[in-house]
Amino acid sequence: MSTPVVFLGAGPGDPELITVKGRRLLDEADVIVYAGSLVNPVLLDGVQAEIHDSASMTLDEVLTVLCDAWQAGKKAVRLHTGDPAIYGATREQMQGLSKKGIPYQVVPGVSSALAAAAALQAELTVPEVSQTVIFTRQAGRTPVPEQESLRNLAAIQASMCIFLSVSMIDKVVEELIAGGYSGDTPIAVVEKASWPNQHIIRGTLADIAAIVRASDIRKTAMIVVGQALSDDPTAASKLYDAGFSHGYRKSSK
Ligand code: SAH
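Our subject in this report is the structure included herewith. Per chain, residue numbering runs from 1 following the sequence as it is written. In keeping with the predicted nature of the model, local features appear solely for residues at pLDDT of at least 70, side-chain atom pairs appear and are counted solely at 80 or more, and the whole-chain, interface and lining totals rest on all residues. Side-chain numbers come from the whole structure's heavy atoms, not from hydrogens or water.

A closer look at the pattern of salt bridges
Now for step 1: Throughout this description, the term salt bridge denotes a Lys or Arg side-chain nitrogen within 4 Å of a carboxyl oxygen of Asp or Glu. Summed over the entire model, instances satisfying the criterion amount to six salt bridges.
Now for step 2: In this structure, Arg-213 engages Asp-170 in a salt bridge whose closest nitrogen and oxygen atoms are separated by 2.9 Å. Taken together, the residues Arg-213 in helix H7 (residues 208-214) and Asp-170 in helix H6 (residues 169-179) connect sequence positions 43 residues apart.
Now for step 3: Assessed through its relative accessible area of 47%, Arg-213 is described here as partly exposed.
Now for step 4: To sort residues, take the accessible area from a 1.4 Å probe on protein chains only and compare it with the maximum for the residue type: under 20% means buried, over 50% means exposed, and anything in between is partly exposed. Asp-170 gets classed as partly exposed once you look at its relative accessible area, which sits at 38%.
Now for step 5: Here Glu-175 ties to Lys-171 by a salt bridge, and the two come within 3.8 Å at their closest N and O atoms. Pair noted here: Glu-175 and Lys-171 are both in helix H6, with a separation of four residues, about one helical turn.
Now for step 6: The exposure class assigned to Glu-175 is buried, which follows from its relative accessible area of 8%.
Now for step 7: One salt-bridge network, in which partners are shared between bridges, spans Arg-151, Lys-171, Glu-174 and Glu-175. We count a stretch as a helix when DSSP gives it H or I for four or more residues in a row; a strand needs E for two or more, and each element gets its number in order from the N terminus.

Laid out in structure tokens, this is it:
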């Protein structure tokens, strides 16, 4: 009986940011189909598997490679950047396998949203500032349902990680301001988070578009926005505050 096809999160780029399980699955794989436009190829150094770059493949071609491998009793891995559940286009692949009765499993990875937060040394959930993180994108060639437009989401004033949108930074800023963020809201752009050539730009909604345009950042970048990025010390967590009691500690004030 063949082992299930694995949808595997490669992490954001740094080859040490794949899970231990993911590393083992790559090393044991017979066939790997990887998203060549985003996955760091260093992850594939030394693997024994037959390797396919999905960048130039259609969905049917990817499915054929995965199905043929499984039917031949081989271990097949579909390697996606970050975490496969976020903008991974995995659903149609999983449905395609299900239709053919081929079992699969998903092994998570570190999303670039979280690698970007780490690069920024930011906590995205600062008590009394924001307790919600939104993963989203600006509508482009792929539409976004109207109720989830950046303009509508901005009204929530949560921390937001905006994927796939840096090339539309002017539109992103316009939408966020139209939705209710003030011009002084902190915003950052992290290009290639965790890669050796990682590049961070910080600004406010008022000036970030000009800074991005003047840079050479055009793709593979995460936009992070919200008051949680502010270095205002009054926005501090109560959890470690001496005047705050909780289940494990009584207030000392
Ligand atoms: N599944 C991936 C996202 C794939 S969509 C994940 O969980 O990270 C591709 C988008 O992800 C890019 O347009 C960019 O916005 C973001 N991205 C991927 N890798 C990145 C990285 N290393 N640094 C910053 N953004 C990245």
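Alright, that's what it looks like, and here's the rest.
As for unusual backbone geometry
Now for step 1: A positive phi is found at Ala-89, a non-glycine position, where the angle reads about 50°.
Now for step 2: Within the fold, Ala-89 resides in the loop between strand S4 (76-80) and helix H3 (91-99).
Now for step 3: On the accessibility criterion, Ala-89 (44% relative accessible area) is partly exposed.
Now for step 4: The phi dihedral of Gln-157 falls on the positive side, at around 60°, and the residue is not glycine.
Now for step 5: Within the fold, Gln-157 resides in the loop between helix H5 (150-154) and strand S7 (159-163).

Thoughts on the site of the ligand
Now for step 1: One heavy atom suffices: a residue is near a molecule or strand as soon as one of its heavy atoms comes within 4 Å of it. Lining the immediate surroundings of the ligand are 18 residues, of which Asp-83, Ile-86, Ser-112, Ala-193 and Ala-221 lie closest.
Now for step 2: We call two N or O atoms a polar contact when they sit within 3.5 Å, provided that within protein one can donate a hydrogen and the other can accept it, with sequence-adjacent residues counted only if both atoms are side-chain atoms. Lys-192 is positioned with one of its backbone polar atoms (N or O) 3.4 Å from a nitrogen atom of the ligand.
Now for step 3: Isolated, the ligand exposes 540 Å² of accessible area, and the fraction of that covered by the protein chains is 95%.
Now for step 4: Assessed atom by atom at 2 Å from the grid points, the ligand resides in the largest pocket.
Now for step 5: Of the residues in the shell around the ligand, the class split is 11 nonpolar, five polar and two charged.
Now for step 6: Domain delimitation in this document rests on an assignment produced automatically or drawn from a domain database. A domain split of the shell around the ligand shows at least three residues from each of domain 1 (5-107) and domain 2 (112-229). Each accessible area is a Shrake-Rupley result for a 1.4 Å probe, and residues are judged covered by the shown protein chains and nothing else. We place a 1 Å grid over just the protein atoms. Points where a 1.4 Å probe fits but has no way out form a cavity, open points with protein on both sides within 12 Å along at least 5 of 7 lines form a pocket, and any residue with an atom within 4 Å of a point lines it. Should more than half of a molecule's atoms lie within 2 Å of a pocket's or cavity's grid points, that molecule is taken to sit in it. Gly is put with the polar residues, along with every residue not named as nonpolar or charged; the nonpolar set is Ala, Val, Leu, Ile, Met, Phe, Trp, Tyr, Cys and Pro, and the charged set is Asp, Glu, Lys and Arg.

Details of the sheet that holds strand S3 (residues 50-53)
Now for step 1: Spatial strand order, S3-S2-S4-S1-S5: five strands in an open sheet with parallel pairing. Two strands lie at the open edges of the sheet, namely S3 and strand S5 (104-107), each paired on one side alone. On average, adjacent strands in this sheet sit at an angle of 20° to one another, irrespective of strand direction.
Now for step 2: Relative to S3, strand S2 (residues 31-34) runs parallel, the two being bridged by four bridges. Residue pairing in the sheet places Ile-32 in a bridge with Ile-51 of S3.
Now for step 3: Sheet strands in contact with helix H1 (residues 20-28) are strand S1 (5-9), S2, S4 and S5, and its direction is about 130° off that of S1.
Now for step 4: Most of the contacts of helix H2 (residues 59-71) go to S2, to which it runs at about 165°, and overall it touches S1, S2, S3 and S4. A pair of strands is treated as paired once DSSP finds two or more bridges between them. The convention used is that axes are lines fitted to C-alpha atoms, helices contributing only their stretch in contact, and that angles between N-to-C directions extend from 0 to 180 degrees. Contact definition: two residues touch when any of their heavy atoms are within 4.5 Å.

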